[in-house]
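Letter by letter, the chains look like this.
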Amino acid sequence: MLETVANKLRAGERLSHEDGLVLFSHPDVVEVGKLANLVRERLHGDRTYFNRNMRLEVTNVCVASCLFCSFAKLEEGSPGARTMTLEEAWRELQVRMDDPPAEIHIVNGLHPGLPFSYYEELLAGFKRIKPDIHMKCFTAVEIHFFARHYGMTYVEVLERLRRAGLDSLPGGGAEIFHPEVRTRISHDKATAEEYLEVHRVAHRLGIRTNATMLYGHIETFEHRVDHLLRLRALQDETKGLQAFIPLAFHPDGNGMKNLPAPTAIDALRTVAVSRLLLDNVPHIKAYWVSMTPEVAQIALRFGADDIDGTIVHETIYRAAGSRSPDGLTVERLVRLIQEAARVPVERDTFYNVVREHPRAAVPESALKVRDRNARKHLEVLS
Ligand code: SF4
């Protein structure tokens, strides 16, 4: 049956819901990966993108109670609750101005006690420090919350934030769209329709966005395919999605802690199927924080063309037990990509090229360099 899917891909035909199920269920993940790799190389060749970005979560106080979340605290003052002052948030950039990020990616809890002006000032303050910094901030779930909480339409929220310095929206908050799952894991935040509508409105205003899917918990393959096809339908309509990011569920310290985390094979297969079903979304990210740098590196041959960025400091996945490092240097990202026999391309948020790094002459030579270095270390230690 995989042959039928392969034939459709060769003929440039769009894959169906049933094809998605075939891909998720096929026993040989390498065969699925090969198909995704063909599409990835047709779109991007060996180019593999990353950027200099910085994650920031300015508050973990949240009125919602998502079952998979290890990050949120219900109210200010409860153990572990933290809301940065504006000065504390801005300082995160000020102390890095020697080697500044190109993008700040901000995602937060849904704090009921902050004025809307806090978020406007937050953006404006970063722009005062570095006028060309790209502010990729607030998930569709946060935008929906702002609209409800402060009595505005999505357009009004987005326009005000844009005037303050917002440049694009990240993709978080999508989780699993299907109501069978969403009502169980995220019953008290934006619905699937509201999430998609925020993105639709943002795209109409010329604000580009990313999208995600949290996989590997109680959802079935049917739910995953449904999720991906809803995003594909939105993209047919608006063309405003830049990248899709599959996010692996991590169980530590949350309401689904008894479930196992998805395996590396599941992560690779999900990247591959995403590449194959989302034929209209330009980029598929192997988000190294979610899947570890090592699995993300392999995913670059399973359909992913982007490994995300330097990050610097991430707290959401760490709270859920991720053992990925806090941040990665540009050198480490370049090496990960080169050793996967790809060409590292530093990009800005809109995928404009900042710098194209050389490909390792041939993959073997990168490994030879490593072998030579190992020999040097051996000599030093002996
Ligand atoms: S996932 Fe987001 S909305 Fe849900 S509880 Fe955590 S911080 Fe709140």
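Presented here is a report on the structure given in the accompanying data block. Starting from 1, residues in each chain are numbered consecutively following that chain's sequence as written. Selection of residues for local features in this predicted model requires a pLDDT of at least 70, selection of side-chain atom pairs for listing and counting requires 80 or more, and totals for whole chains, interfaces and linings are taken over all residues. To obtain the side-chain values, all non-hydrogen atoms of the structure were used and water was disregarded.

1. Considering the packing of aromatic side chains
Piece 1. Two aromatic rings, drawn from Phe, Tyr or Trp (for Trp, its six-membered ring), form a pair once their centres lie within 6.5 Å of each other, and the interplanar angle then sorts them: stacked below 30 degrees, edge-to-face above 60, tilted otherwise. On inspection of all chains with the given rule, the structure shows 11 aromatic pairs.
Piece 2. Pairing Tyr119 with Phe138 gives two aromatic rings, centres 5.6 Å apart and planes at 90°, and the pair type is edge-to-face. Pair noted here: Tyr119 is in helix 5 (residues 116–129) and Phe138 is in the loop between strand 4 (134–137) and helix 6 (140–150), with a separation of 19 residues, a long-range link.
Piece 3. Note on Tyr119: relative accessible area 1%, which makes it buried.
Piece 4. By relative accessible area, which is 0% here, Phe138 ends up buried.
Piece 5. Look at Phe177 and Tyr195: their rings are 5.4 Å apart centre to centre, the planes differ by 55°, and that puts the pair in the tilted class. On the criterion of sequence distance, the pair formed by Phe177 in the loop between helix 7 (154–164) and helix 8 (179–185) and Tyr195 in helix 9 (residues 192–204) is long-range, its members being 18 residues apart. Tyr195 carries the same exposure label as Phe177, and that label is buried.
Piece 6. Members of the aromatic cluster, connected to one another through ring pairs, are Phe116, Tyr118, Tyr119, Phe138, Phe145, Phe146 and Tyr150.
Piece 7. Sitting over a ring, as applied to charges here, requires NZ of Lys or CZ of Arg to be within 6 Å of the ring centre and within 35 degrees of the ring normal. The ring of Trp90 carries Arg128 above its face, with NZ or CZ at 5.4 Å from the centroid.
Piece 8. Residue placement shows Arg347 over the ring face of Tyr351; its charged tip is 4.3 Å from the ring centre. Numbering of helices and strands runs from the N terminus, with a helix taken as a DSSP run of H or I at least four residues long and a strand as a DSSP run of E at least two residues long. Partly exposed describes any residue whose relative accessible area lies between the buried limit of under 20% and the exposed limit of over 50%, with all areas from a 1.4 Å probe on protein chains only and scaled to the type maximum.

2. Digging into the site of the ligand
Piece 1. Here a residue is considered near a molecule or strand provided that any single heavy atom belonging to it is located within 4 Å of it. Residues in contact with the ligand, as listed here, are Cys62, Ala64, Cys66, Phe68, Cys69, Phe71, Ala72, Gly109, Leu110 and Lys189.
Piece 2. Under this grouping Gly is polar, as are all residues other than the nonpolar Ala, Val, Leu, Ile, Met, Phe, Trp, Tyr, Cys and Pro and the charged Asp, Glu, Lys and Arg. Residue composition of the shell around the ligand, by class: 8 nonpolar, 1 polar and 1 charged.

3. Considerations on the nonpolar core
Piece 1. To form a nonpolar core, buried Ala, Val, Leu, Ile, Met, Phe, Trp, Tyr and Cys residues must be joined to one another through side-chain atoms within 4.5 Å. Residues Ile106, Phe126, Phe138 and Leu161 are the most contacted members of the largest nonpolar core, which totals 114 residues.
Piece 2. Sorting elements by how many residues they give to this core places helix 11 (residues 264–277) first, with 7 residues.
Piece 3. Ala243, Val343, Val345 and Tyr351 belong to the second largest nonpolar core, which has 5 residues in total.

4. Quick look at the packing of helix 7 against helix 9
Any two packed helices are characterised by the angle at which their axes cross and by the distance between the axes.
Piece 1. Lines fitted to C-alpha atoms define the axes here, with helix axes fitted over just the stretch in contact, and angles between the N-to-C directions of these axes take values from 0 to 180 degrees. Contact geometry for helix 7 and helix 9: axes closest at 10 Å, N-to-C directions at 55°. On the basis of their axis angle, the class for helix 7 and helix 9 is oblique. Classified by chirality, the crossing of helix 9 by helix 7 is right-handed. Taken together, the residues of helix 9 that come into contact with helix 7 (itself represented by Tyr154, Val155 and Leu158) are Glu194, Glu197, Val198, Val201 and Ala202. The scheme is simple: roughly parallel for angles under 35 degrees, roughly antiparallel for over 145, roughly perpendicular for 65 to 115, oblique for anything else. A clockwise turn of the near helix away from the far one marks a right-handed crossing, whereas an anticlockwise turn of less than a right angle marks a left-handed crossing. Working rule for contacts: check all heavy atoms of both residues, and any pair within 4.5 Å makes them a contact.

5. Some points on the sheet that holds strand 8 (residues 306–309)
Piece 1. An order of 8-1-9-10 is seen for the 4 strands of this open sheet, with the pairing classed as mixed. With one partner strand each, in any of the chains shown, strand 8 and strand 10 (353–356) form the two edges of the open sheet. Ignoring strand direction, the axes of neighbouring strands in this sheet form an average angle of 25°.
Piece 2. Helix 15 (residues 330–339) contacts strand 1 (47–51), strand 8 and strand 9 (343–347) of the sheet and is inclined by roughly 165° relative to strand 1. Should DSSP find at least two bridges between two strands, the strands are regarded as paired.

6. Details of unusual backbone geometry
Piece 1. Unlike most non-glycine residues, Lys239 shows phi in positive territory, near 60°.
Piece 2. Unusually for a residue other than glycine, Thr292 sits at a positive phi of about 75°.
Piece 3. Within the element layout of this structure, Thr292 appears in the loop between helix 12 (288–291) and helix 13 (293–299).

7. So, the environment of Trp288
Piece 1. Tracing the chain through its elements places Trp288 in helix 12.
Piece 2. In this structure Trp288 comes out as buried when scored by relative accessible area, which is 0%.
Piece 3. Residues Trp288 and Ala174, spaced 114 residues apart in sequence, show a C-alpha to C-alpha distance of 19 Å.
Piece 4. The term polar contact refers here to a pair of N or O atoms within 3.5 Å; inside protein, the definition further demands a hydrogen-donor-capable atom paired with an acceptor-capable atom, and it admits residues adjacent in sequence only when both atoms are side-chain atoms. Engagement of the side chain of Trp288 in a polar contact is seen with the backbone oxygen of Gly309, the distance being 2.7 Å.

8. Section: the pattern of salt bridges
Piece 1. Should a side-chain nitrogen of Lys or Arg be within 4 Å of a carboxyl oxygen of Asp or Glu, the pair is scored as a salt bridge. Going through the model one piece at a time under the given rule, you end up with 34 salt bridges.
Piece 2. One salt bridge connects Asp19 with Lys8, and the closest N-O pair in it is separated by 2.6 Å. Of this pair, Asp19 sits in helix 2 (residues 17–25) while Lys8 sits in helix 1 (residues 2–10); the two residues are 11 residues apart in sequence, bridging distant segments of the chain.
Piece 3. The exposure class assigned to Asp19 is buried, which follows from its relative accessible area of 8%.
Piece 4. Where Glu88 meets Arg82, a salt bridge forms, and the shortest distance between an N and an O atom there is 3.8 Å.
Piece 5. Counted as one network, the salt bridges with shared partners bring together Glu41, Asp46, Arg301, Arg342 and Arg359.

9. Topic: the pairing of strand 3 (residues 103–106)
Piece 1. Side chains of strand 3 alternate between two faces, with Glu103 and His105 and Ile104 and Ile106 buried alike.
Piece 2. Examined bridge by bridge, strand 2 (residues 53–56) and strand 3 share 4 bridges and lie parallel to one another. Looking at the pairing, Met54 lines up with Ile104 of strand 3.
Piece 3. Chirality of the crossover, the property in question, places the unit of strand 2, helix 4 (residues 86–94) and strand 3 among those that are right-handed.
Piece 4. Summarising the sheet, strand 3 and strand 4 pair through 4 bridges and their orientation is parallel. Within strand 4, the position partnered with His105 by the bridge is Lys136.
Piece 5. We call a crossover right-handed when, viewed with the strands running away from us, the connection from the first strand over the helix to the second turns clockwise. Between the parallel elements strand 3 and strand 4, the chain passes through helix 5 in a crossover that is right-handed.

10. Re helix 7
Piece 1. Among the residues of helix 7, those classed as buried are Tyr154, Val157, Leu158, Leu161 and Ala164. The arc that holds the buried residues of helix 7, viewed along the axis, is 125°, so those residues lie on one side.
Piece 2. Taken together, the buried residues of helix 7 touch helix 5, helix 6 and helix 9.
Piece 3. At the exit of helix 7 stands Gly165, carrying a positive phi of roughly 135°. The arc under discussion is defined with respect to the helix axis, by the directions toward the C-beta atoms.

Remember, this is a structural readout, not a statement about activity or role.
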